[in-house]
Amino acid sequence: MPLQKATGAVRLFSRLMKFAGWLQTIPDKLTPPPFRLMQIGSAFWQSRALYVAARLDIATVLGDQQLTAEKIAAQVSAQPDGVHRLLRMLAAMGVFQEVSPRVFGNNRVSAYLRKDHPKSVRAMILMHNSEEMSRPWYEQLENGVKRGEVPFGLAHGQDLFAYMDSHPEFDALFSRAMDSVEALTGDSFARDFDWGRFERVIDVGGSRGSKSLAILKRHPHLKAVVVDRAQVIRDAERYWIGREAPELLARLSFQAGDLLEAVPTATSDKDIYLLSAVLHGFDDETCAKALTNLAGACTGTGARIALMELVVAELRADLAGAALDMQMFMATRGRERTLDEWRSLFDRCGMMLEEVVNLRSFAKILVLQPR
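Overview of the structure. Since the model is a prediction, treat every value here as computed from it, not as a measurement. (Residues numbered from 1 in each chain as written. Predicted model: local features only at pLDDT ≥ 70, side-chain atom pairs only at ≥ 80, totals over all residues. Heavy atoms only, no water.)

## Things to note about the overall build of the protein
Okay, step 1: The helix and strand tally for the protein stands at 20 helices and eleven strands.
Okay, step 2: Against the compact-globule benchmark of 21 Å for 371 residues, the protein has a radius of gyration of 22 Å, which places it among compact chains.
Okay, step 3: In terms of its C-alpha atoms, the protein occupies a principal-axis envelope of roughly 70 × 50 × 45 Å.
Okay, step 4: A burial count over the protein gives 47% of its 371 residues as buried. (Helix = DSSP H or I, 4+ residues; strand = E, 2+ residues; numbered from the N terminus. Rg over C-alpha atoms; globule rule 2.2 N^0.38 Å. Buried < 20%, exposed > 50% of the residue type's maximum accessible area, 1.4 Å probe, protein only.)

Here it is, written out as structure tokens:
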């Protein structure tokens, strides 16, 4: 029996996304090529302006109010002229609104920068524009392309996860950013996949467990164990206390572990491993090791493995997929893969791709079993 749910809604979402992708090509068709290249070449102006507004936390300061640049500046310890010009640019981009001369408020876009917004993406903006993540793009991307090396490692002398292990502040920001992924993808992973067929989710690389909780809320019979690095787990165990109901948290547990060493062993076909955007950070050799460990952990039980990953089109990849792939190139030895590339990897590890579950999201869930 397929694990796909909400087939009609998923199909409609796919059509709408294709239409949205077509709309995004209109500037390429209507803008003269020299001006289009200038737009792209100066796009970092926009990202840096957004980053500074997020750093100053202007959206939270505004809340539901409309304030003058002077009042905003006083609350964020900045100069009124700079705040005015920053917000004027962002308002012209559709972030914030200028309601009258020098008076600004939040709009439907900037609201997602507020700390108190339940789907805030502020941490994601701060993480992607941090010094740690910006320097490799600005300083080492060309070297990375020429030499086939990871720009993050060239810039910082360490790979991404080793750097996080030794820089707890950035590690915490990264975890907060990963928690905000649901604001981008929604909870379709919990709605469009039949988790109700299982009894335990083993969420490998699950950070604080936000995805596990979204699944548990929809399926009261389920339990989940989140497996991640020790320092992530220490924070995660404390994070949800007071934020979620005790009876819900009683079904969620945490365990320190390393996917490349060992994972909790499955006990029956009612167990399912969830890996959300984990393997795209690994090269093929490391993926093979991880998948082999997973296969060993569920051999003979009938347990399944659910990989939630982006699947890049074989031809004419959309901008989102191609851009995320370049982010992987910049930060890791991983990549976003086509379906053929995923299949090749699974065959190499003795895994069978049982089903591709489409979501109302840019990701898919690839369901695996050992052969």
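Next comes the rest of the description.
## Remarks on the side chain of serine 361
Okay, step 1: Looking at the secondary structure, you find serine 361 in the loop between strand 10 (351-358) and strand 11 (363-370).
Okay, step 2: Residue classification places serine 361 among the buried positions, given a relative accessible area of 11%.
Okay, step 3: A distance of 3.2 Å separates a polar atom in the side chain of serine 361 from the backbone nitrogen of alanine 363. (Polar contact = N/O pair within 3.5 Å; in protein donor to acceptor, adjacent residues only side chain to side chain.)

## Brief notes about the side chain of asparagine 129
Okay, step 1: Within the element layout of this structure, asparagine 129 appears in the loop between helix 8 (122-128) and helix 9 (131-147).
Okay, step 2: Among the polar contacts listed, one links the side chain of asparagine 129 to the backbone oxygen of isoleucine 125, at a separation of 2.9 Å.
Okay, step 3: When sequence neighbours within four positions are dropped, the list of residues in contact with asparagine 129 reads Ser47, Arg48, Tyr51 and Ser134. (Contact = heavy atoms within 4.5 Å.)

## Side note on the packing of helix 6 (residues 69-76) against helix 7 (residues 80-92)
Okay, step 1: Look at helix 6 against helix 7: their axes get within 8 Å of each other, and the N-to-C directions meet at 110°. Classed by the angle they form, the pair helix 6 and helix 7 counts as roughly perpendicular. In this structure, helix 6 crosses over helix 7, and the sense of that crossing is right-handed. The residues of helix 7 that touch helix 6, namely those facing Ala69, Glu70, Ile72, Ala73 and Val76, are Pro80, Val83, His84 and Leu87.
Okay, step 2: Its residues placed into classes, the contact of helix 6 with helix 7 shows seven nonpolar, one polar and one charged. (Axes fitted to C-alpha atoms, helices over the stretch in contact; angles between N-to-C directions. Parallel < 35°, antiparallel > 145°, perpendicular 65-115°, else oblique. Left-handed = near helix turned anticlockwise from the far one by under 90°. Nonpolar A, V, L, I, M, F, W, Y, C, P; charged D, E, K, R; others polar.)

## A few points about the layout of surface pockets
Gaps between atoms show up when a probe of the same size as a water molecule is rolled over them.
Okay, step 1: Volume-wise, the second largest pocket comes out at about 1300 Å³.
Okay, step 2: Of all the secondary-structure elements, those providing two or more residues to the lining of the second largest pocket are helix 4 (43-56), helix 8, helix 9, helix 12 (168-179), helix 13 (181-185) and helix 15 (210-218).
Okay, step 3: Here the residues of the lining of the second largest pocket are counted per class, giving twelve nonpolar, seven polar and 16 charged. (1 Å grid on protein atoms, 1.4 Å probe; cavity = no way out; pocket = protein on both sides within 12 Å on 5 of 7 lines; lining within 4 Å. Points joined across faces, edges and corners; volume = space filled by probe spheres on them.)

## Remarks on the pattern of salt bridges
Okay, step 1: Applying the stated rule across the entire model yields 23 salt bridges.
Okay, step 2: Its salt-bridge partner being arginine 122, residue aspartate 57 comes within 3.4 Å of it at the nearest N-O pair. Residue aspartate 57 is located in the loop between helix 4 and helix 5 (58-62), and its partner arginine 122 is located in helix 8; the two are separated by 65 residues in the primary sequence.
Okay, step 3: Look at aspartate 57 and you get buried, because its relative accessible area is 11%.
Okay, step 4: Taking the relative accessible area as the measure of exposure, arginine 122 reaches 15% and is therefore buried. (Salt bridge = Lys/Arg side-chain N within 4 Å of Asp/Glu carboxyl O.)

## Brief notes about the packing of aromatic side chains
Okay, step 1: This structure, assessed with the given rule, holds nine aromatic pairs.
Okay, step 2: Measuring from centroid to centroid gives 6.5 Å for phenylalanine 170 and phenylalanine 174, while their planes differ by 55°, and the two rings are tilted. Residue phenylalanine 170 and its partner phenylalanine 174 are both found in helix 12; the two are separated by four residues, about one turn of the helix.
Okay, step 3: On the basis of relative accessible area, phenylalanine 170 is assigned to the buried category, the value being 4%. (Phe/Tyr/Trp six-rings, centres within 6.5 Å; stacked < 30°, edge-to-face > 60°.)

## Considerations on the nonpolar core
Okay, step 1: In this structure, Ile58, Leu90 and Phe96 are the most contacted members of the largest nonpolar core, which totals 41 residues.
Okay, step 2: Listed by contribution, the elements that provide at least two residues to this core are helix 4, helix 5, helix 6, helix 7, helix 8, helix 11 (160-166), helix 12 and helix 19 (319-331).
Okay, step 3: Once residues lying within four places of it in the same chain are set aside, the contact partners of leucine 90 are Ala49, Leu50, Ala53, Val95 and Phe96.
Okay, step 4: One finds Val263, Ala266, Ala297 and Phe346 within the second-largest nonpolar core, a separate group that totals 32 residues. (Core = buried A, V, L, I, M, F, W, Y, C linked by side-chain atoms within 4.5 Å.)

## A short note on the environment of threonine 60
Okay, step 1: On the secondary structure map, threonine 60 appears in helix 5.
Okay, step 2: Overall, the relative accessible area of 27% leaves threonine 60 in the partly exposed class.
Okay, step 3: The contacts of threonine 60, once residues within four sequence positions are left out, are Leu113, Arg114 and Lys115.

## What about helix 16 (residues 230-239)?
Okay, step 1: Those residues of helix 16 lying buried are Val232, Ile233 and Ala236. Projected down its long axis, helix 16 shows its buried positions confined to an angular sector of 95°, all on one face.
Okay, step 2: Taken together, the buried residues of helix 16 touch helix 12, strand 5 (223-228) and strand 6 (252-256). (Arc of directions from axis to C-beta.)

## Quick notes on the sheet that holds strand 2 (residues 97-100)
Okay, step 1: Spatially, three strands are ordered 1-3-2 in an open sheet, and the strand pairing comes out antiparallel. Both outer strands of the open sheet, strand 1 (66-68) and strand 2, are each paired with one neighbouring strand and no more. Taken over all neighbouring pairs, the strand axes of this sheet differ in orientation by 40° on average, direction set aside.
Okay, step 2: Relative to strand 3 (residues 103-105), strand 1 is paired through three bridges, and the arrangement is antiparallel. In the sheet register, leucine 67 faces strand 3, and the bridge partner there is phenylalanine 104.
Okay, step 3: Across the face of the sheet, helix 6 comes into contact with strand 1 and strand 3 while running at roughly 90° to strand 1. (Pairing = 2+ DSSP bridges.)

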